[in-house]
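An overview of the molecular structure
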Amino acid sequence: MKKLKQENPNFRTADFWKPMADYLHAQDRDIQFNLCQYGGDQPWTWAPGLGIQSWRIGGDLNHKVTTYFEQALRIATDLRDYSKPGQWNDPDFMYIHKIRDFRKMTNATVEIPLDTNQRYQYVTLWSVICAPFFFSCDMDVIDEFTIRLLGNADVVGINQDELGLVAKVERKSDSEVVMVKPLADGSRAVALFNRNPTNEMDVKLESAWLGGNSPSRITDAWRQKAVPKLKAGDTVRLSPNGVALLIVKK
């Protein structure tokens, strides 16, 4: 990439990438073009016009895993209107397991410094903001927990919902984030995040998040189980760095 930047100072622009987009469109098969030029020159404003399906919005996350909330919230706010079926904002690969240091690829793999709850937060965020599930890991050492984390059908279904609507941020503070994503069948996904690494938190459910005071059914997406009698005004307790992902049917 350094050589590319030196030889092509305009590599971030639409004119630079148009020939590649045209070439891929000319092929007699479906190819997804994920553009990675680190968000320079605002690709979300011109990549859809070239038929590019997804594009990076910023630099590499790599081991800077504390930025996953920052990038996800940016997609859910400033860039929300640029996501729709066939065109997606990409915050970067999902780093939730062991990877190699990108600067020293010959070194042994290292564990991403996330606790278990943060890994649930990470995948939940990518699901509700419609981010592509591009996963990076040393596949020789992937564990069963990570496979199940990525393979939960309810969570993937929220990400892949045909409406393709990015969740709205309903509440945001240093310790709490609430996001709501409308789904194609009229239900909604409600994501509750506790960003405090040491303290539990009780989140009081609001009627506006649930689409009414008494929804007909609420499912815990991660546990894939119905949550009986949960309604507006009730509280959900989140552990430190905890998350709840609810599917709410009217």
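Preceding this paragraph is the structure being described.
Residues numbered from 1 in each chain as written. Predicted model: local features only at pLDDT ≥ 70, side-chain atom pairs only at ≥ 80, totals over all residues. Heavy atoms only, no water.

1. Some thoughts on the side chain of Gln-53
- Among the structural elements, Gln-53 can be located in the loop between α3 (43-46) and β2 (54-56).
- Looking at Gln-53, its side chain comes within polar contact range of the main-chain nitrogen of Phe-33, at 2.7 Å.
- Not counting the four nearest positions on each side in its chain, Gln-53 is found in contact with Ile-31, Gln-32, Phe-33, Gly-86, Gln-87 and Trp-88. (Helix = DSSP H or I, 4+ residues; strand = E, 2+ residues; numbered from the N terminus. Polar contact = N/O pair within 3.5 Å; in protein donor to acceptor, adjacent residues only side chain to side chain. Contact = heavy atoms within 4.5 Å.)

2. Observations regarding the nonpolar core
- Among the nonpolar cores identified, the biggest contains 54 residues, and Tyr-122, Trp-126, Ile-129, Met-179 and Leu-245 are the most heavily contacted of them.
- With six residues, helix α4 (residues 68-76) is the single largest residue contributor to this core.
- When residues no more than four places from it in sequence are discounted, the contact partners of Leu-245 are Thr-124, Val-128, Val-155, Ile-158, Ala-189, Val-190, Ala-191, Thr-219, Asp-220, Ala-221 and Trp-222.
- Judged by nonpolar contacts, the second largest core, of 17 residues, contains Trp-209, Leu-230, Ala-244 and Leu-246. (Core = buried A, V, L, I, M, F, W, Y, C linked by side-chain atoms within 4.5 Å. Buried < 20%, exposed > 50% of the residue type's maximum accessible area, 1.4 Å probe, protein only.)

3. Some remarks on the pairing of strand β13 (residues 243-249)
- The buried count for β13 comes to six of seven residues, which makes it a mostly enclosed element.
- Sheet topology note: the strand β8 (residues 188-194)/β13 ladder contains six bridges and is antiparallel. Each residue of the ladder has a partner; that of Val-190, found in β13, is Leu-246.
- Bridge count between strand β10 (residues 217-220) and β13: four bridges; the pairing is antiparallel. Bridging across to β13, Asp-220 finds its partner in Leu-246. (Pairing = 2+ DSSP bridges.)

4. Some remarks on the layout of surface pockets
- When its volume is computed, the largest pocket comes out at roughly 460 Å³.
- What lines the largest pocket is a set of 21 residues, among which Asp-220, Trp-222, Arg-223, Val-243 and Ala-244 lie closest to the centre.
- Secondary structure elements with two or more residues in the lining of the largest pocket: α5 (116-128), α6 (144-151), β12 (235-238) and β13.
- The greatest single-element share of the lining of the largest pocket, amounting to four residues, is contributed by β13.
- Split by residue class, the lining of the largest pocket holds twelve nonpolar, five polar and four charged. (1 Å grid on protein atoms, 1.4 Å probe; cavity = no way out; pocket = protein on both sides within 12 Å on 5 of 7 lines; lining within 4 Å. Points joined across faces, edges and corners; volume = space filled by probe spheres on them. Nonpolar A, V, L, I, M, F, W, Y, C, P; charged D, E, K, R; others polar.)

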